[in-house]
Amino acid sequence: MSEAREYQHIGQRTIRPDGFDKVTGKANYGADLSIPGMIWGAILRSPHAHAKITSLDVSEAEAHPDVFAVATYQDFPSVNAEAVAAGTARKDLFDTAANVLADTKVLYHGHAIAAVAARTEAAAQAALELIQVAYEVLDPVLTIDAAIKDGAALLHDNMMTQGLLEPASAASNIAARMELKKGDIDLGFEAADIIVERSYETPTVHQGYIEPHATTVRFDDNGPSMIWCPTQGHFDVRARVAQLLNMELGQIKVVASEIGGGFGGKTTVYLEPVALILSKKSGRPVKMTMSREDVFRASGPASASQSKVKIGAKSDGTITAMQASLHYEAGAFKGSPMGPGCMTIFTPYDVENMYVEGFDVVVNKPKAAAYRAPGAPQAEFAAEMAVNELASKLGMDPIDLRLKNAAKEGTQTIYGPKLKTVGLEACLLAAKSSPHYQSTLQENAGRGLAAGFWFNIGGQSSVMIHLNPDGTGSIIEGSPDIGGSRASMQMMAAEVLGVSPSTLNPIVADTEHVAYNQTTGGSRTTFATGMAVIEAAEDIVDQLKARAAELWNVTPEQVDYKNGVAYNLSSDERLSLAEICAKAEKTGGQITGRANINARGAGPSFAVHLCDVQVDPETGKTDVLRYTAIQDAGKAIHPSYVEGQFQGGAVQGIGWALNEEYVYSADGVMENAGFLDYRIPLASDLPEIETIIVEVPNSFHPFGVRGVGETGIVPPLAAVGTAVSEAIGLPITSLPCSPPKLLELIMKRG
Amino acid sequence: MKTHVSTVVNGDAVEFLCSPSDTLLHALRNEIGLTGTKEGCGSGDCGACSVMLDGALVCSCLVLGVEAQGSQVETIEGIAHQDKLHVIQEKFLEHAALQCGICTPGLIVSTKALLEENPAPTEEEARYYLAGNLCRCTGYDKIIKAVMDAADVMRQGA
């Protein structure tokens, strides 16, 4: 039983092994590598949101003496239908290519068109002006409503809606439709005494990582070409670049630099394939960086959404039916997170009758990228707001209403499996007894509560642990450390080996020095890579026993190993790990443990957040007075970094709820492409973020771990939205609750 | 035409060549090779490039490289004494006040400036002083706890 175990290291608050480098400026991030002979790349970006490229002339730029190479879409050799059809290339390969360098159309303001490499950064920027582009400007399509109305300008002339009951007969801006159902939704509403029905919308937002995208590359015909970049998944960068440039995986080495935030936004490629083309053509190493403006205009926003939700309940609070229709903006190319949105929206509820449909809609904005629990915050915002409205109409406590209908072990999800052991009820009970919920609300304030669900994933991880002759060692892993995961790996290995964590040095290896690892995402790293670390350490324990047995001339079964020491069961002899390593020369050489796994059984993580706000009636500004995040971690390996995930997710959600949004001009230009005007939360905007770690162990993980990275961004939108609604006495249906919007509501109210 | 600039960075006499439009941030990172100072925005909004210039806290992306002529620059690389971390650095690690770490150099430089100006800040004063340093990972909670703890320890040591 995981919960009964006593741990030496798990649950302690150790100092992270990469900490020294990160507080002294020694750690090297994406833009920090320079190579002798290196030149600089720069990208020409579209001044239009939607236009056909009628001609593109790069000859003048190519002829300039400072310019070493120019790249355009024509330089992608392998973007061919055969590889996609054969399943050897990702289905979105064409889209990825046309996103990093536009093909025949530009689809958003800031869309990359061509790149140059020149002697200096300034020379590369100057050379962009030598490129001649002619456009036929088209109507920009900037909202879901504009995209789906009859006669809308089409972004892609051949895009037929997938997933319709009858095959589509004409092209449209709706890339796909899906539906999920359980029970009989009509019967469910017939059984209801009360029905709540409302529409909600959320804006386009950005992940807002502080480190802009950057890369340094060196093409090499005779050995692997090198790509250095900050990424959540260097193996995925390797695969995408290989497919785009028709190379074999072994011809590319990707080195994951330290990464300055990602939140899902660094799970694709932008600069890397372009830089490698420039390096190949010029024969020089090439460095490219994005400006902050480029980051906003041409990388990763999270989808804006429109949601309709209808919930029916008995007068005792038993929910009988939940229904939703969700539209997500995909940006310029298909692929919004409408799928996970549909799957997660009602998962906190054990309700018999459910129906959800989703639509993936293209618009003239940057191609949406993953953002922490992709799709879930938008969908669950709508569901949780409606559930709170239901609680209010029923006169029920919002926690009691949720407890009455809470998903639990055995609950049939709308997307297929039944839930295993989950911690939603535990989180709701912890919320109910929390100091925050027990406290009296300040005058003129509002309090909101919301639940949140995210699946979490497992997947492939590969780890090796090498021991040195003195018993120290290194953990060779391949999961970029985005928030302190090296510390967790060190602690889990130390727990199994019975040694001090500081004797083991975790290293995030490049794609040549460790086997394949899936991207750091889906809250998978501490769960899945952690499981591989544990298996590799257990492999070492087996070897240590065998080596000790050989030294003692007994069988391995006669050796026990605990707390870093091997015991000879047939005598009183003992040998520490370090002593066995010191004698390894005599027993067959040094010791390496390894594990290559595909981890199953990722445990979903539920959360409940509480928020108190006050709204200034004269300015419409909202102040967050108190905030508590409660979440099931299964088992917190390093509690400080678990709390940090809860707090970071909560604050990103607070930003999404209160201030953050892409503001567009009528012609499709983002008007707030900088941190001054796209306002992410500041230290002065926030109170302490209180946390409660709930631990309902995941029985599929040796220590009970559930991923914790993503769920924390799911509840804040509705927790804040409900608190604001309570504070001003008006329904909130549209985020962000920015001062001008709230002021308008307050003025109308009078 | 490039200008020859002589300055002192973290106590070391340093010379570099710089174009009139190059920022101090550019000079530190690309001419002097001190990449601990980070660029997050290039417009003075995020504080990742915070350094001390003649005792004043500045965004080095808003200062020209030529302005460093004859001045004293202190960067993140100058805050620890070899392997001995400054108490602010120790407290950031102890409180897990960094996740990705990209904002950390700027925050540590700014925190040092705060505590030199105001050795006993209230939590609210600390939050407002550090409002120019954006962090997207932590929600600031553990950063503020580290800052307040460092202030306590530094006052006791003084």
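Every value quoted in this text rests on a predicted model; they were computed, and no experiment measured them.

**Student:** So what about the nonpolar core? Which residues, and what values?
**Tutor:** Counting 198 residues, the largest nonpolar core has V724 of chain A together with F92 of chain B as the members making the most contacts within it. Broken down by element, this core gets its largest block of residues, eleven residues, from helix α12 (residues 376–394) of chain A. If near-sequence neighbours (up to four positions away) are discounted, V724 of chain A is found in contact with V613, V615, T622, L658, I732, C737 and L742 of chain A. Residues V499, L544, I580 and I591 of chain A belong to the second largest nonpolar core, which totals 43 residues.

**Student:** Lay out the domain arrangement of chain B with the relevant residues and their values.
**Tutor:** Residue and element names in this part refer to chain B. Here chain B is partitioned into domain 1 (3–78) and domain 2 (87–157). One C-alpha centre belongs to domain 1, the other to domain 2; they are set 22 Å apart. If you look at the interface, domain 1 gives 13 residues, while domain 2 gives 14 residues. Summing both sides of the interface, domain 1 and domain 2 together bury roughly 1,000 Å²; the carbon and sulfur share of this comes to 64%. Three residues stand out in domain 1 for area buried against domain 2, namely C46, L57 and I76, and they jointly supply 42% of the buried area on that side. Here domain 1 and domain 2 share one salt bridge between them.

**Student:** Give me the lowdown on the environment of D316 of chain A, citing residues and values where you can.
**Tutor:** All names here are of chain A. Along the chain, D316 falls in the loop between β13 (305–313) and β14 (319–331). Residue D316 is classed as partly exposed on the basis of its relative accessible area of 42%. When the C-alpha atoms of D316 and I10 are compared, they prove to be 44 Å apart, with 306 residues separating the residues in sequence. Sequence-distant contacts of D316, defined by excluding residues within four places in its chain, comprise M396 and K404. Of note is the side chain of D316, whose polar atom sits 2.9 Å from the side chain of T318.

**Student:** So, the pairing of strand β17 (residues 459–467) of chain A: which residues are in play, and what are the values?
**Tutor:** Residue and element names in this part refer to chain A. In this structure, β17 lies alongside strand β23 (residues 592–599), joined through eight bridges in antiparallel fashion. Counterpart to I465 in the pairing with β23 is G593. Examined bridge by bridge, β17 and strand β18 (residues 473–477) share four bridges and lie antiparallel to one another. Residue pairing across strands places H466 opposite S474, the latter belonging to β18. Connecting β17 to the next strand, β18, in antiparallel fashion are five residues, including G471 with a positive phi near 90°.

**Student:** Would you mind going over the interface of chain A and chain B in detail, with residue names and values included?
**Tutor:** When the parts of a complex come together, some accessible area is lost, and that lost area is often taken as the interface size. Tallying the contact residues gives 52 residues for chain A and 45 residues for chain B. Here chain A and chain B share an interface that buries about 3,900 Å² over both sides, 58% of which is from carbon and sulfur atoms. Ranking the residues of chain A by area buried against chain B places V23, I210 and A683 of chain A at the top, with a combined share of 18%. On inspection of chain A and its partner chain B, the count reaches five salt bridges. With its nearest N and O atoms 2.6 Å apart, the salt bridge here joins D32 of chain A to R29 of chain B. Taken together, the links from chain A to chain B amount to 24 residue pairs in polar contact (both at pLDDT 80 or more). Element by element, the count of residues in the side of chain A that touches chain B is highest for helix α19 (residues 639–658) of chain A, at nine residues. Taken together, the residues of the side of chain A that touches chain B sort by class into 25 nonpolar, 18 polar and nine charged.

About the criteria used
Residues numbered from 1 in each chain as written. Chains lettered and ligands numbered in written order. Predicted model: local features only at pLDDT ≥ 70, side-chain atom pairs only at ≥ 80, totals over all residues. Heavy atoms only, no water. Core = buried A, V, L, I, M, F, W, Y, C linked by side-chain atoms within 4.5 Å. Buried < 20%, exposed > 50% of the residue type's maximum accessible area, 1.4 Å probe, protein only. Helix = DSSP H or I, 4+ residues; strand = E, 2+ residues; numbered from the N terminus. Contact = heavy atoms within 4.5 Å. Domains from an automatic or database assignment. Buried area = accessible area lost by both parts, 1.4 Å probe. Salt bridge = Lys/Arg side-chain N within 4 Å of Asp/Glu carboxyl O. Polar contact = N/O pair within 3.5 Å; in protein donor to acceptor, adjacent residues only side chain to side chain. Pairing = 2+ DSSP bridges. Nonpolar A, V, L, I, M, F, W, Y, C, P; charged D, E, K, R; others polar.

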